[in-house]
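Below are the chains, spelled out letter by letter.
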Amino acid sequence: MADFYFNLPLWFRLLVQGFAVIMVVFPIAGFCSLAERKVSAWIQGRPGPNRALPVFIAWVPVLGPFLQRLGIFHFMADGGKMLFKEDSLPGHVNKFYFILAPIVAMMPALTTVTTVPFGAYLDAAGQVIPLGLARVDIGLLAVFAVSSLGVYSLILAGWASNSKYPFLGGVRASAQLISYELAMTLSVVPVFLWINSPGMPGTMSLARAVEFQSLPGFFGGAWFIFIMPVAALIFLVSLFAETNRHPFDMAEGEADLVGGFHTEYGAFKWGLFFVAEYAHMLIGSGVFTLLFLGGWNPLPWVTLAQFAALLHVAQLPLVVGLLSIGIFLGKVIALIFFFMWVRWTVPRFRYDQVMKLGWQKLLPLAIANLIAYAIGIAVIQK
Amino acid sequence: MAVIPLERKPLSFAERTYLPAIASGLKTTLKHLFAPNITMEYPEQRPAIPPGYRGVPTLVKDPHGREKCVSCQLCEFVCPPKAIRITPGEIPADAPERAHVEKGPQAFDIDMLRCIYCGLCQEVCPEEAIFLQNQYSMTGYTREEMVNHKDRLYELGGTLPDEHFKWDKKLDAEKHGNAH
Amino acid sequence: MAQLLFNLFAVFTLVTAAGVVLNKNVVNAAMCLLLTLVGVAGLFVALNAYLLAFILLLVYAGAVVALFLFIIMLLDTKGDQRPGLKHLSLIARAIALALVAGGVVSFFVRSRLPEPSLGATPALGAELKLYAYQLFTTYLLPVQVIGFLLLIAMLGVIVLSKKFDGLEDIK
């Protein structure tokens, strides 16, 4: 099976992998939007969307009504609505950049997925081999570099709309994203100081970070969130800011900016912005899981290999692979739930508070954290 | 009124990090996540209408099934948005029980696009014939549909208990010779 | 394949770079600059210098051009408001052109580039560490000097842009 796949021509494999990315990211992002509606409803004491029911499911006795109550099919209804709505193009916009902006939003979102390893399997020798579409050695740097290009979609959307509220949204978004990128990048440096111990080849690989969280021993098995809580906190807060989520969604800010940068957008172009936002959340949560939550290890101090041995499936690479993907996706979904949970807990910051938090609190904290861990790691790994 | 200046306590370090507040907020929202829904799922579940509710104005009949309205047109006169139109008609003499009432509405239209549900018609009616009852949902696709005609008004109103039977008493009095 | 990609990216970079210079609309020019940087990053990738490519994307494409656009939007500059050519600027252009031409000519005529030996190219994983090691040993002084320069530039911007109440304090 695997041999057959690797014997296919390269361009065909790349095409398949590219389609796989789109076919995975789009539905998950769609389901995230549904989950967003549902979680929001539950937190607000509402039942949430629970009406849509396709004819062929209505015949299924118990499951059909249950799925209907869960609102699963609103995902299709929403998508269909986005697709078939009139896609209006306001007369006052710069058409080229107006249409380009949602496309630019999707590109980094879909590209970064390829560099995030999402699972692992055990080979014949019992070695953990990570699964991923592109095995780039500078993994995290690639994620940061490409996802930082996402800011252009917001700037272009705001500018091309040629209207004051989207413009303000675009300006805010660009300033905010650049501000928090610094703290975010600095906060993960301790992790890579820790995993680039002397005598090892230097790496920025995300899979390597997981490998370091599945070592034997107390410090080896601990997830990095326990070893570096401050770094994890800074990374998480910056992640909220980078993905434009509450309480940092200054770029949208419907209370003061109507709809923010996408005020003038509708139909599928608007939908693309949201798929991109959810894809960014997905990738951000994935990176956080890999760096701080042990990746595909089921529990702290319990590695995937031990877990597979416990279930007597260590000899079956396919089962272990699916298991690890399940564990990883479970953690990512839990994090996405956390995003939604925070959305309904913390009120939106004022813009000056966002800037103050980024530059005056998080950045010095990240630098202090880096220096402290650099000294600590130098002492420990001497 | 004495003004008591309160010294605001300086925030502790934990409070200034903002994190305990977020944690307690998360706890609150998590509690709400598992709390039962308070939403009424409308078309399936209907709200209980409190007594004294002023819904759509309707015409009622007395317990014997006779129409109470005598088309005095007081409601038409009092109606602030002029939603009511009454065409008075005579009660035919071949109904001996009702002949002394003399008048009844030939047509009775209430334009629900004009009605403001003020209840003045109910208040002014000397016959207790028009009531704002529990009906709260008036919908229609055309303007014409939103005008309630007489038969529709009686259908909506139904029969309400009556304590007076005013016209029966009058008839009795007439028969026994002490009409005023 | 690699040669084809390299040529493709080279042409792309040159075309978009020309776009930066020739575009009258400032936003178009900034977007062309972004594409140029992406093209250069592609060239680096074609040369197996992944680290350099992604740092270029992260710093220049991700932050610097975004700031350019930010400033353009903040100043709300209109395109096609070019002041007419003055004599001084004409002379300056001529000198600049002569310098560039001289540089290119001397590069082709006089330069001695060491022949690259493919065997000596370090492996990818080692490159990251090597790069960092070089930064902190051989090139420590230039890094420090540039860092200091940037710090001074930043302080200068703060002093210039911030309105101080009592200017005597900083004097």
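As the structure is a computational prediction, the values presented were derived from the model and not from experiment.

With respect to the overall build of chain A
Broken down by element type, chain A carries 18 helices and two strands. Its C-alpha atoms give chain A a radius of gyration of 22 Å, near enough to 21 Å, the size a compact globule of 382 residues would have. Its C-alpha atoms put chain A at 65 × 55 × 50 Å along the principal axes. Across the 382 residues that make up chain A, the buried fraction comes to 53%. In chain A, the share of contacts with a sequence separation of at least 24, taken over all contacts with a separation of at least 6, comes to 75%. Of the accessible surface of chain A, which amounts to about 17,100 Å², a share of 74% is contributed by carbon and sulfur atoms.

Quick look at the nonpolar core
Note on soluble globular proteins: their nonpolar side chains tend to be buried together. Counting residues in each nonpolar core, the largest one holds 132 residues, and the members touching the most others are Tyr 152, Phe 224, Phe 235, Val 287, Phe 288, Leu 291 and Phe 292 of chain A. It is helix H15 (residues 267-292) of chain A that provides the largest number of residues to this core, a total of 15 residues. Filtering out sequence-adjacent residues up to four positions away, Val 287 of chain A remains in contact with Val 116, Leu 140, Val 143, Leu 206 and Phe 235 of chain A. Residues Ile 110, Cys 115, Ala 129 and Ile 130 of chain B belong to the second largest nonpolar core, which totals 22 residues.

Considerations on the confidence of the model for chain A
The share of residues in chain A with pLDDT of 70 or more is 96%, and the mean pLDDT across the chain is 82. The lowest-confidence element of chain A is helix H1 (residues 2-6) of chain A, averaging 67 in pLDDT; the highest-confidence one is helix H13 (residues 229-242) of chain A, averaging 89.

Topic: the packing of aromatic side chains
All names here are of chain B. If you walk through the whole model with that rule in mind, you get 21 aromatic pairs over all chains. Ring centres 6.5 Å apart and planes at 55 degrees place the aromatic pair Tyr 42 and Tyr 136 in the tilted group. Separated by 94 residues along the polypeptide, Tyr 42 in the loop between helix H2 (19-34) and strand E1 (57-59) and Tyr 136 in the loop between strand E4 (130-132) and strand E5 (147-148) bring together distant segments of the chain. With relative accessibility at 37%, the residue Tyr 42 sits in the partly exposed group.

Focus: empty space enclosed by the protein
Summed over all chains, the structure comprises three cavities of 30 Å³ or more. Approximately 340 Å³ is the volume found for the largest cavity. What lines the largest cavity is a set of 24 residues, among which Ser 147, Leu 177, Glu 242, Thr 243 and His 280 of chain A lie closest to the centre. At the level of elements, helix H7 (139-147), helix H8 (151-160), helix H9 (164-195), H13 and H15 of chain A are the ones that each hand at least two residues to the lining of the largest cavity. The element best represented in the lining of the largest cavity is H15 of chain A, accounting for seven residues. A class-by-class count of the residues in the lining of the largest cavity yields 14 nonpolar, seven polar and three charged. A volume near 80 Å³ is recorded for the second largest cavity. In this structure, the second largest cavity is lined by 14 residues; those nearest its centre are Cys 79, Ile 84, Cys 115, Cys 118 and Cys 121 of chain B. In the lining of the second largest cavity, the residues fall into 13 nonpolar, one polar and no charged.

Some remarks on helix H18 (residues 351-380) of chain A
Residue and element names in this part refer to chain A. Taking 1.5 Å per residue, 30 residues should reach 44 Å; H18 reaches 41 Å between its end C-alpha atoms and fits that length. At Leu 357, H18 is bent by approximately 35 degrees, the largest bend along its length. Here H18 has its buried residues at Val 354, Met 355, Gly 358, Leu 362, Leu 363, Ala 366, Asn 369, Leu 370, Tyr 373 and Ile 377. Considering only its buried residues, H18 is in contact with H9, helix H12 (224-227) and H13.

Criteria and cut-off values
- Residues numbered from 1 in each chain as written.
- Chains lettered and ligands numbered in written order.
- Predicted model: local features only at pLDDT ≥ 70, side-chain atom pairs only at ≥ 80, totals over all residues.
- Heavy atoms only, no water.
- Helix = DSSP H or I, 4+ residues; strand = E, 2+ residues; numbered from the N terminus.
- Rg over C-alpha atoms; globule rule 2.2 N^0.38 Å.
- Buried < 20%, exposed > 50% of the residue type's maximum accessible area, 1.4 Å probe, protein only.
- Contact = heavy atoms within 4.5 Å.
- Areas by Shrake-Rupley, 256 points an atom, 1.4 Å probe, with all protein chains shown as cover.
- Core = buried A, V, L, I, M, F, W, Y, C linked by side-chain atoms within 4.5 Å.
- pLDDT = per-residue confidence, 0-100.
- Phe/Tyr/Trp six-rings, centres within 6.5 Å; stacked < 30°, edge-to-face > 60°.
- 1 Å grid on protein atoms, 1.4 Å probe; cavity = no way out; pocket = protein on both sides within 12 Å on 5 of 7 lines; lining within 4 Å.
- Points joined across faces, edges and corners; volume = space filled by probe spheres on them.
- Nonpolar A, V, L, I, M, F, W, Y, C, P; charged D, E, K, R; others polar.
- Expected span 1.5 Å × (residues − 1).
- Bend = angle between axes of the 7 residues up to and from the residue.

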